[in-house]
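Per-entry structural report
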Amino acid sequence: MSLLEIKDLKVYYPIRGGILGRTIGYVKAVDGISFTIEEGETLGLVGESGSGKSTTGKAIIGLERITQGRILFAGENITKYVGKNHSPYRRGVQMIFQDVYSSLNPKKRVLDIVAEPLRNFETLTKAEERKRVDELLDIVGLSPETAIKYPHEFSGGQRQRIGIARAIALRPRLIIADEPVSALDLSVQAQVLNYMKDIQQHFKLAYLFISHDLGVVQHMCSNIAIMHRGRFVEQGNKEDIFNNPVHIYTKRLIAAIPDMDPSKREETQVFRDQVSLEYDRNFHKYYTAKNQVYDLKKLSDNHYVALP
Amino acid sequence: MIEKELLKINNLVTSFRINGKYYPAVDGVSLRVKENEVFAIVGESGCGKSALALSIMNLHNPAFTKIEGKIFFKGQDLLKLNLTELNKIRGRDIGMIFQDPLTALNPLMKIGAQIEESLTFHTNLSGKEKQRRAMELLEGVGIENPSLTYDQFPHELSGGMRQRAMISIALACKPSLVIADEPTTALDVTIQAQILDLLKKLQKEIKSGIILITHDLGVVAEMADRVAVMYAGQIVETADVHELFSNPLHPYTRSLMASMPSKASGDTQEDRLHVIQGMVPSLLLQKRDGCRFSPRIPWIASYYHEENPVYHEVRPGHHVLCTCFRHFHFKEERRKSRVIT
Ligand SMILES: Nc1ncnc2c1ncn2[C@@H]1O[C@H](COP(=O)(O)OP(=O)(O)OP(=O)(O)O)[C@@H](O)[C@H]1O
Ligand SMILES: Nc1ncnc2c1ncn2[C@@H]1O[C@H](COP(=O)(O)OP(=O)(O)OP(=O)(O)O)[C@@H](O)[C@H]1O
Ligand code: SF4
Ligand SMILES: [Mg+2]
Ligand SMILES: [Mg+2]
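The paragraphs below set out a description of the structure included in this document.

Helix and strand content of chain A: 10 helices and 12 strands. Its C-alpha radius of gyration of 21 Å places chain A within 12% of the 19 Å reference for a compact globule of 308 residues. For chain A, the spread of C-alpha atoms along the three principal axes comes to 65 × 55 × 45 Å. For chain A, the proportion of its 308 residues judged to be buried stands at 54%. Within chain A, residue pairs in contact and separated by at least 24 positions form 64% of the contacts whose partners lie at least 6 positions apart. Only carbon and sulfur atoms are counted for the fraction: they give 49% of the accessible area of chain A, which is about 13,900 Å². Computing the positive centroid from 42 side-chain charges and the negative centroid from 37, chain A places the two 7 Å apart.

With that out of the way, let us pick up the overall build of chain B. Check the secondary structure of chain B and you find 11 helices and 12 strands. At 21 Å, chain B has a C-alpha radius of gyration in line with the 20 Å of a compact globule built from 341 residues. Projected onto the principal axes, the alpha-carbon positions of chain B cover approximately 70 × 50 × 50 Å. Residue burial in chain B is summarised as follows: out of 341 residues, 54% are buried. Accessible area of chain B: about 15,400 Å², with a carbon and sulfur share of 52%.

Quick look at the coordination of the magnesium ion (ligand 5) now. Residue and element names in this part refer to chain B. Within the protein, Ser-50 (OG) and Gln-99 (OE1) serve as the donor atoms for the magnesium ion (ligand 5), at 1.9 to 2.2 Å. Of this pair, Ser-50 sits in helix α1 (residues 49–56) while Gln-99 is found in the loop between β6 (94–97) and α3 (101–104), placing the two residues 49 residues apart along the sequence. The exposure class assigned to Gln-99 is partly exposed, which follows from its relative accessible area of 42%.

Neighbouring ligand 3 are His-250, Pro-251, Cys-291, Phe-293, Ile-297, His-305, Leu-321, Cys-322, Thr-323, Cys-324 and Phe-325 of chain B. Looking at the shell around ligand 3 residue by residue, the class counts come to 8 nonpolar, 3 polar and no charged.

All names here are of chain B. Over its 14 residues, helix α5 (residues 127–140) runs 20 Å from end to end, which matches the ideal 20 Å to within 8%, given 1.5 Å per residue. Within the span of α5, buried status applies to Lys-130, Arg-133, Ala-134, Leu-137 and Leu-138. Angular distribution of buried residues about the axis of α5 spans 135°; they occupy a single face of the element. Pointing more than 90 degrees away from the buried face of α5 are the exposed residues Lys-128, Arg-132 and Glu-139.

Here we come to the sheet that holds strand β1 (residues 5–18) of chain B. All names here are of chain B. The antiparallel open sheet is built from 4 strands, whose spatial order is β2-β1-β4-β5. Across the chains shown, the open sheet's two edge strands, defined by having one partner strand only, are β2 (21–34) and β5 (76–77). Helix-sheet contacts for α1 involve β1, β2 and β4 (65–73), and the interaxial angle to β1 is about 115°.

Contacts between chain B and chain A engage 42 residues on the former and 38 residues on the latter. When chain B packs against chain A, the two sides together hide about 3,300 Å² of surface, and 54% of this comes from carbon and sulfur. On the chain B side of the interface with chain A, the three residues burying the most area are Val-189, Glu-222 and Arg-272 of chain B, jointly 18% of the side's total. Of the charged contacts, one joins Glu-222 of chain B and Arg-272 of chain A as a salt bridge, the two residues approaching to 2.8 Å between their closest N and O atoms. Applying the counting rule to chain B against chain A returns 10 residue pairs in polar contact (both at pLDDT 80 or more).

Residue and element names in this part refer to chain A. Taken in spatial order, the 4 strands line up as β2-β1-β4-β5 in an open sheet, and their pairing is antiparallel. Edge positions in the sheet fall to β2 (22–37) and β5 (76–77), since each of these pairs with one other strand and no more. Against the sheet, helix α1 (residues 53–61) touches β1 (4–17), β2 and β4 (68–73), its axis set at about 110° to β1.

Our next topic: the pairing of β4 of chain B. All names here are of chain B. As paired strands, β1 and β4 are joined by 8 bridges and run antiparallel to one another. Looking at the pairing, Phe-16 lines up with Thr-65 of β4. Here β4 pairs with β5 via 2 bridges, running antiparallel. Each residue of the ladder has a partner; that of Phe-72, found in β5, is Asp-77. Between β4 and the antiparallel strand that follows it, β5, lie 2 residues; Lys-74 among them carries a positive phi value of about 45°.

With that settled, the discussion passes to the packing of aromatic side chains. For the structure shown, the criterion picks out 10 aromatic pairs over all chains. Taking the centre distance of 5.1 Å and the plane angle of 80° together, the rings of Tyr-231 of chain B and Phe-293 of chain B count as edge-to-face. Placement of Tyr-231 of chain B in strand β9 (residues 226–231) and of Phe-293 of chain B in the loop between α11 (251–258) and β11 (311–315) is noted, with a sequence separation of 62 residues between them. The pair Tyr-231 of chain B / Phe-293 of chain B is uniform in exposure class, with both members buried. Note on Phe-328 of chain B and Phe-330 of chain B: the rings are 5.2 Å apart at their centroids and 80° apart in plane angle, and the pair reads as edge-to-face. What makes Phe-328 of chain B buried here is its relative accessible area of 1%. Among the aromatic side chains, those forming a connected cluster through ring pairs are Tyr-279, Phe-283 and Tyr-287 of chain A. Over the ring of Tyr-279 of chain A we find Arg-252 of chain A, and its NZ or CZ is 3.9 Å from the ring centre. Lys-66 of chain B extends its terminal NZ or CZ atom over the ring of Tyr-22 of chain B, reaching a point 4.5 Å from the ring centre.

All names here are of chain B. For helix α4 (residues 111–122), which comprises 12 residues, the first-to-last C-alpha distance of 17 Å matches the rise-based estimate of 16 Å (1.5 Å per residue) to within 8%. Of all the residues in α4, the buried ones are Ile-111, Gly-112, Gln-114, Ile-115, Glu-116, Ser-118, Leu-119 and His-122. Where α4 is buried, its residues touch α2 (83–89), α5, α6 (146–150) and α7 (159–171).

Attention now goes to the site of ligand 1. Residue and element names in this part refer to chain A. Neighbouring ligand 1 are Tyr-13, Val-27, Ala-29, Glu-48, Ser-49, Gly-50, Ser-51, Gly-52, Lys-53, Ser-54 and Thr-55. One of the backbone nitrogen or oxygen atoms of Gly-50 is found 2.8 Å away from an oxygen atom of ligand 1. Residue Thr-55 places a side-chain N or O atom 2.5 Å away from an oxygen atom belonging to ligand 1. In isolation ligand 1 offers 640 Å² of accessible surface; the protein chains occlude 60% of this area. Of all the secondary-structure elements, those providing two or more residues to the shell around ligand 1 are β2 and α1. Broken down by element, the shell around ligand 1 gets its largest block of residues, 3 residues, from α1. Within the shell around ligand 1, the residues separate by chemical class into 3 nonpolar, 6 polar and 2 charged.

What counts and how
Residues numbered from 1 in each chain as written. Chains lettered and ligands numbered in written order. Predicted model: local features only at pLDDT ≥ 70, side-chain atom pairs only at ≥ 80, totals over all residues. Heavy atoms only, no water. Helix = DSSP H or I, 4+ residues; strand = E, 2+ residues; numbered from the N terminus. Rg over C-alpha atoms; globule rule 2.2 N^0.38 Å. Buried < 20%, exposed > 50% of the residue type's maximum accessible area, 1.4 Å probe, protein only. Contact = heavy atoms within 4.5 Å. Areas by Shrake-Rupley, 256 points an atom, 1.4 Å probe, with all protein chains shown as cover. Lys, Arg positive; Asp, Glu negative; His and termini not counted. Charge placed at Lys NZ, Arg CZ, Asp CG, Glu CD. Donors = N, O, S within 2.8 Å, 3.2 Å for Na, K, Ca; no water. Near = heavy atom within 4 Å. Nonpolar A, V, L, I, M, F, W, Y, C, P; charged D, E, K, R; others polar. Expected span 1.5 Å × (residues − 1). Arc of directions from axis to C-beta. Pairing = 2+ DSSP bridges. Axes fitted to C-alpha atoms, helices over the stretch in contact; angles between N-to-C directions. Buried area = accessible area lost by both parts, 1.4 Å probe. Salt bridge = Lys/Arg side-chain N within 4 Å of Asp/Glu carboxyl O. Polar contact = N/O pair within 3.5 Å; in protein donor to acceptor, adjacent residues only side chain to side chain. Phe/Tyr/Trp six-rings, centres within 6.5 Å; stacked < 30°, edge-to-face > 60°. Lys NZ or Arg CZ within 6 Å of the ring centre and 35° of its normal.

Now the structure itself:
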């Protein structure tokens, strides 16, 4: 049994128009995706802006109404809990948000921010609570004095670590990390990614790791799904996706990653032009007549590609 | 063929007034950019990259900013020009791609009109020709439906599209120097590749010089001819791009490279990225004597740092600030793995 199993998930946003504000159409932000995440595993969710990554994450955590599909957590259908903040399911799944500057309430002390999920789910005495918060801060490398400060007193990386401390307060089994390091500098990013890996080992955590930075995804994820127009175009392990991409969209994405070796520049350019040509020429073979992504076909054990 | 020098900056100091006192954000920067050259400036947030870029165009608010030093563009000292003279150069000879597209675009003007405004100011194309050129430019930066975007306001565009619209304005007059401040930071990799390609093409076509400001070492490896690494307002290392990537020397450069996730990192669960101890100090707290990076590598004995760090030319064109690089090793490495002479 997988820790998380998503079956044919769809999330449509209504487009309203006319004087009556009737629904005149839908934005199909997520349009039929299925995947599983095993305990302790990291699944990378990659795709261009607007492809539906955040919507997927929010639907799983219950912040977005599901149009269709099923979400099983540890085998239990939890679609019914969606929107209910205090459900037992919400204990097991937490989220780290992209925007480190607005995701922490500026008026609350770090103590209150980190303790909030504890207060929702457990009844602790003040002393017990403080002890737990200190432990959590220690795990993310912050000193106990941190607890009485306010978010604005911290750097971006420190704030993101406060967000992580809050997310792990209830010992979740899955964390949805939506672009957790996109706003951070290289060395701060390194620090947060290291903590995320440490915590993962410590708690046997699984991550749904959302990012558009393929270097970061490569570093963090064992399995990767490539999303385009609300659907998956390809899914596989790191090896499959980076060294043996099959879908033209994935190929173009991988070809666009800058090479860290300046002497390979010409080579990279030639390869990129080649892929780009192939993309223009064969686009229609990879998308339906209506420009939609096909259903996934199994290529090998772990490698799925959207082909006709 | 000898490329002509486009821009020469000598000992630039840009200071901001905070509570009545001036604090330098750019502190003694000298550099040269030749025609047809991509000069990259890398460094983390707050090290002074944008402050440097805005100084070249003299775009800082004079009430709060003091700029000292010399900035020669094609032999002309930009800091001595009056506003009319400057405005002629801005846009036509020097194009600027700003880090934040929303502040750079006029919110009340359609994108097409903004491009044409620049063309009106600096060229004498007819109305029809300007419109055609505007469409061409929008298409060139990878906007899928140029005639639609032409008629849209900035707020109707996504972040990536805004960035591209601004780039098309900066390139409208084919400037001989382009200052690109994080031109692709907010964009997806495929669009990033497209925009970098566009900059390369422009450069081939009109032999512009490009100052490319970024914190992405991958973009540097891909685009730059020469690189300057900036830390706390100073250039700590500068070299040809091949030299810098094969032989990085300054402790800051080496630390940055080690903190970068890559193909090789992350293969095992135990793989950890290098973390630079401490953080970039704010302008008010920055120490200004001795080696500015020394607080972040405290395991390197203080006598290895110079009291007044100077540049050392280790190979032709490769300059490193301070002597500590000869004794630097990562904290987790054993002492003295290599001594560079
Ligand atoms: N509340 C909403 N109402 C209507 N449309 C929405 C809403 N939220 C998202 N969308 C649309 O759904 C699509 C998917 O958005 P989503 O935020 O999931 O993308 P994303 O992959 O996370 O992109 P990014 O990388 O830019 O964060 C987009 O077309 C977006 O405009
Ligand atoms: N107008 C200003 N007034 C006061 N301080 C400023 C001003 N502009 C920048 N600074 C300070 O000067 C330093 C350098 O800022 P700058 O914007 O040049 O950094 P940067 O290298 O471009 O960083 P980033 O990568 O975040 O864009 C920072 O400490 C910043 O807080
Ligand atoms: S040798 Fe100089 S430049 Fe290098 S770390 Fe020490 S003080 Fe800084
Ligand atoms: Mg998103
Ligand atoms: Mg900047």
